Amino acid sequence: MTATAVVGIGELVTCDGEADGAHPGGPGLGLRTDAALVVEDGRVAWIGDSADVPDADHRIDLEGRAVLPGFVDSHSHLVFDGDRAAEFAARMTGERYDGGGIGVSVGATRAASEHRLRELVGRRVAEMRAQGTTTVEIKGGYGLTVDDEARSLRIAGEFTPETTFLGAHVVPPEARGDRAAYVELVTGPMLEACAPHARWADVFCEPNSPHAFTEDESRAVLTASRAAGLELRVHGNQLGPGPGVRLAVELGAASVDHCTFLDEADVSALVDAADTTIATLLPGVEFSTRSPYPDARGLLDAGVSVALATDCNPGTCYSSSMPFVIALAVREMGMTPGEAVWAATRGSAKALRRDDVGRVTVGGPADLTVLEAPSHLHLAYRAGVPIARALVTRSGGWVDSPRP
Ligand SMILES: N=CN[C@@H](CCC(=O)O)C(=O)O
Ligand SMILES: [Zn+2]
């Protein structure tokens with residue numbers, strides 16, 4: 001067994017401390033200054049003051065830098081080919097997003113070779129890790145045939161155990177004449193082919209898009225997926241008010257993502273379900289679609305469990321950066337820097353029903369992010385500056401990344 005002492009940590013954020021308001025009614029940021037930890041075979045073996053650190057085989061002196069739990073990005077769509085930058089540019093001059101561009105990515109993804117898709121996903125995952133993300137969820141959803149969805153999930157599974165079946169992303173162009181037949185395909189042969197490669201099932205439940213799925217269609221996909229052994233997550237209330245949040249809570253989904261347009265009943269459903277269903281906010285989407293931001297402040301004050309993720313995808317947010325998301329959460333959604341860090345680590349881990357990642361704890365994996373800065377406040381303060389990187393990672397099959 002090899003032990004590495006990491007000393008000189010100016011600020012250690014464990015997200016495993018006494019309640020301090022970083023999360024409604026839950027553990028707090030657990031801040032320690034002048035801290036050290038010992039890592040043995042990829043796990044945290046000791047946490048304490050730098051002055052008390054035990055002997056170890058190796059020693060890394062971080063010279064006052066801050067250390068956080070590795071970011072947990074619980075919502076991404078990394079398996080795609082094609083470019084939709086022109087769609088983004090059109091939105092910046094007033095075009096509305098309605099999900100129609102997903103068909104463009106579907107065409108390019110179907111046409112790509114397996115080798116190329118694997119390379120694209122690998123590059124995107126590396127980009128995430130270089131910005132401090134150590135756990136990632138990856139959805140399919142740009143294949144939309146039995147074979148193309150199974151292929152996407154097989155590739156995603158090479159990078160993470162958190163893979164999500166999203167055959168119900170949109171109704172593909174060739175199926176538009178018969179939506180019911182497409183839902184039957186998704187709940188039948190496509191689910192059967194994909195379930196062995198997925199932990200989760202998701203659906204784009206959105207009555208405000210002609211391309212996405214109604215409440216009844218979404219319920220059919222989610223209940224069939226649950227019966228096939230998958231756990232549930234939902235894209236809900238992204239483009240306008242709708243049934244997504246209530247459906248997610250009714251079915252005990254782990255997370256309902258976007259939550260941009262909520263009414264009082266949605267918020268109270270999320271408060272009641274705070275231990276089960278996390279509201280995952282994706283402010284990079286509002287940035288990239290020029291939409292109003294979700295009311296994170298109101299949700300936290302009401303007692304909703306909130307997570308943050310990138311939603312990295314070619315349409316609504318082609319950013320893989322959790323630090324960018326944290327900066328938006330602080331600047332645009334009224335979250336404190338501490339709340340935003342908690343939501344991007346422990347909160348996002350909860351959205352994946354993971355208790356091992358998203359916190360720094362003795363016995364847990366040494367999935368750590370180190371900042372080129374003395375405190376977590378700098379993530380929002382130095383927006384756009386690449387100060388975060390993964391230090392040591394083990395979860396999801398990722399390997400060690402070098403010390404800074
Ligand atoms: N809304 C559904 N899916 C993605 C967008 C996908 C796309 O436009 O390519 C999202 O989470 O925003
Ligand atoms: Zn999404």
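What counts and how
Residues numbered from 1 in each chain as written. Chains lettered and ligands numbered in written order. Predicted model: local features only at pLDDT ≥ 70, side-chain atom pairs only at ≥ 80, totals over all residues. Near = placed C-beta within 6 Å. Nonpolar A, V, L, I, M, F, W, Y, C, P; charged D, E, K, R; others polar. Pairing = 2+ DSSP bridges. Helix = DSSP H or I, 4+ residues; strand = E, 2+ residues; numbered from the N terminus. Axes fitted to C-alpha atoms, helices over the stretch in contact; angles between N-to-C directions. Contact = placed C-beta atoms within 7 Å. UniProt positions renumbered as here; feature names shortened; annotations may be inferred. Buried ≥ 20, exposed ≤ 12 C-beta atoms within 10 Å, placed from the backbone. Domains from an automatic or database assignment.

The next thing to look at is the site of ligand 1. Lining the immediate surroundings of ligand 1 are 14 residues, of which I102, F204, N313, G315 and T316 lie closest. Of the residues contributing to the shell around ligand 1, the split by class is four nonpolar, nine polar and one charged.

Read from one edge of the open sheet, eight strands run β6-β7-β8-β9-β10-β11-β12-β13, paired in parallel fashion. The sheet is open, and its two edges are formed by β6 (71–73) and β13 (306–308), each paired on a single side. Taking each pair of neighbouring strands and ignoring which way they run, the sheet shows an average axis angle of 25°. As paired elements, β6 and strand β7 (residues 133–139) share three bridges and run parallel to each other. If you follow F71 over to β7, its bridge partner there is T133. Strand contacts of helix α12 (residues 337–344): β6 and β13, with the helix running at about 80° to β13, the strand carrying the most contacts.

Look at the UniProt record and you will see "binding site: Fe(3+)" (unreviewed entry) annotated at H75, H77, H235 and D311. The named residues occupy 237 residues along the chain; their greatest pairwise C-alpha distance, 12.2 Å, places them in one compact cluster. You can see H75 is positioned in the loop between β6 and α1 (85–92). For H75, a count of 31 C-beta atoms within 10 Å puts it in the buried group. Filtering out sequence-adjacent residues up to four positions away, H75 remains in contact with E137, D257, T280, L282, A309, T310 and D311.

Right, let's talk about the domain arrangement of the chain for a bit. Domain assignment breaks the chain into domain 1 (3–70 + 359–391) and domain 2 (72–352). Across the boundary between the two partners, domain 1 contributes 22 residues, which contact 23 residues of domain 2. Of all the secondary-structure elements, those providing two or more residues to the side of domain 1 that touches domain 2 are β5 (66–69), α14 (378–381) and β15 (388–392). No other element matches β15, which puts three residues into the side of domain 1 that touches domain 2. Classifying every residue of the side of domain 1 that touches domain 2 by side-chain character gives 14 nonpolar, five polar and three charged.

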